[in-house]
Amino acid sequence: MDAEEAIVLYPSPAIGHLISMVELGRLILTHRPSLSIHIVLPPAPYQADATAPYIAAVSASTPSIAFHRLPPPPATAVFPNSPHHEMLMIETLRLTLPHLRRKLQQIVSQSAAVHALIVDFFNTAALSVAAELEIPCYNFFTSGASCLAFFLHFPTLHGAHTESFGDLGRTTILEIPGAPKLPASEVPKILLDRNDDVYRCFLEFTMRWPEFAGFIVNTFDALESEAVRAISAGLCVPELPTSPLYCIGPLIGDGGARKEGGGAGSDADCLAWLDSQPKQSVVFLSFGSLGVFSREQLREIAIGLERSGQRFLWVVRDPPSGEDKLGNSDVLLKDPELSLEGLLPDGFLERTEGRGHVVKSWAPQVEVLGHESVGGFVTHCGWNSVLEAVRAGVPMVAWPLYAEQKFNRVLLVEEIRIALSMVERNDGSGFVEAAEVERRVKELMEIEGPGELVRRRMVEMKNAAEDALRNDSGSSRVGLVRLVDSLTCQRVRDSGKP
Ligand code: UDP
């Protein structure tokens, strides 16, 4: 790439974060094609090189995006022994800061100007490197604005309580400006135990968030109007000014990672199967890039689906083995040669043949949700999945599994009202019984009943998403213009080149 004006993006090492950053880079280029986008890739603690084909495909299709890989931390590095895979990621990123500094210096020396560094959630420590090099640093928050409101308010919440949120449980309701009333048990998983290293880490991170030059969020005003209003009015961080908020969504990926990553080869089968189904008749079950269930839970889902009598398309993965904890699995690398017969109840596949279709490991979710045969979505509430459902106008059943997904469930069910809740057994195990699966799937798909309201609300949100993306006047288009103006008008660190 020649010496050009540049923006540097620095995602944390997980495929979902990388895809979101690539889409953000592409979006910025739609408004300012003359910019060059540099995506710096930290070493991956667990996802090996699953991203290589995806990166090659993006480089080929979008030459204005250049990728730079950083070397791994020294072999002698000692990593924390935490039950949270996030700690491994944060520590890897901390150890990588010197490499990031060198790479930024190199990009600065080769560019006419470097306007900004955009990092995500786990990369807060990069603020120091950006400040040292006098490059304005922005936070690309990959969940919703309501969740951002929660994290901005987190240091205040921490100060207001002495017990862990996990111990406060469902009966203590947290009041957060811009967010729905939140039972303490539903905070993002990493914040349940205040004595945990990962909790302390996020407390330190969020205390530094006022240092960001701005927050970029993949959402749109009409979806989360309360949160947008509260953050913009500075209500979430009462003591300090809040940096500007830029809502630029819904920004939806093209599913290219999987297509380029190779694997199942069943995308066409699954879409062809949908072609043979009646309009809006199929419920789609898919649980993000990391969602896995135990054998017992898989069987329970199967029984519930069968009894519901509804048509379904279900993405099934290998249950986790002892070492393959949730969060350490890498579905992009897995060869989906799992034996469905061994996992599902005897005769399930034969009995549901024609009205049900099971996909191993991965489905082309964006295309599936956009297919006219799909009328409902059972989701783990990952933010990308939520936005993809909104864009396609498909109502949801919310079944959160990890990260901030319980928070998202409260938002989707109680506030936006575009999802029904899957209710887990009341013993803290998270287990969902077959009867509950059967009930919720029926409620979602049947013409009359609770599904009716969420279907209607979803149509409103789908239309609002279209309005937000309308050229020139849409709120997210205006947000993008404001963002790019802000990025390129910032004080610029240049190399001294003419
Ligand atoms: N996805 C997909 N097929 C699958 C499972 C997931 O295409 O079988 C995509 C999905 O469309 C979404 C992303 O993977 O874009 C998952 O992101 P999300 O934020 O929903 O959840 P996460 O994986 O980060 O928990």
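Just so it is clear, the model here is predicted, and its values are computed rather than measured.

Caption draft 1: Structural context of the site of the ligand. Neighbouring the ligand are 19 residues; Gly288, Gln365, Gly382, Asn384 and Ser385 lie closest to it. Listed by contribution, the elements that provide at least two residues to the shell around the ligand are helix H15 (365-370) and helix H16 (383-392). By residue class, the composition of the shell around the ligand is seven nonpolar, ten polar and two charged.

Caption draft 2: Up close: the sheet that holds strand S14 (residues 396-398). Within the open sheet, the six strands sit side by side as S12-S11-S10-S13-S14-S15. Their pairing is parallel. Since the sheet does not close on itself, it has two edges, and those belong to strand S12 (356-360) and strand S15 (419-421), each with one partner. Across the sheet, the mean angle from the axis of one strand to that of its neighbour is 20°, orientation sign disregarded. Here strand S11 (residues 311-316) runs beside S12; their pairing, made up of five bridges, is parallel. Its bridge partner being in S12, Leu313 is matched across the sheet by His357. Strand contacts of helix H18 (residues 434-445): strand S10 (282-286), strand S13 (374-379), S14 and S15, with the helix running at about 145° to S13, the strand carrying the most contacts.

Caption draft 3: Quick peek at the nonpolar core. Ala149 and Ile216 are the most contacted members of the largest nonpolar core, which totals 144 residues. For this core, the leading source of residues is helix H6 (residues 145-160), giving nine residues. Dropping the residues within four chain positions of it, Ile216 is found in contact with Leu24, Ile118, Tyr138, Asn139, Phe140, Phe141, Tyr246, Ile248 and Leu483.

Caption draft 4: Highlighting the confidence of the model for the protein chain. In the predicted model, the protein chain carries a mean pLDDT of 91, and 91% of its residues have values of at least 70. Overall, residues 259-265 carries pLDDT values under 50, and its contacts beyond four positions in sequence, including any with other chains, amount to 16 contacts. Taken together, the stretch residues 323-335 has pLDDT below 50 and engages in 30 contacts with residues farther than four places along the chain or on a different chain. Listed scores for the predicted complex are pTM 0.93 and ipTM 1.00.

The rules behind the values
Residues numbered from 1 in each chain as written. Predicted model: local features only at pLDDT ≥ 70, side-chain atom pairs only at ≥ 80, totals over all residues. Near = placed C-beta within 6 Å. Helix = DSSP H or I, 4+ residues; strand = E, 2+ residues; numbered from the N terminus. Nonpolar A, V, L, I, M, F, W, Y, C, P; charged D, E, K, R; others polar. Pairing = 2+ DSSP bridges. Axes fitted to C-alpha atoms, helices over the stretch in contact; angles between N-to-C directions. Contact = placed C-beta atoms within 7 Å. Core = buried A, V, L, I, M, F, W, Y, C linked by C-beta atoms within 7 Å. Buried ≥ 20, exposed ≤ 12 C-beta atoms within 10 Å, placed from the backbone. pLDDT = per-residue confidence, 0-100.

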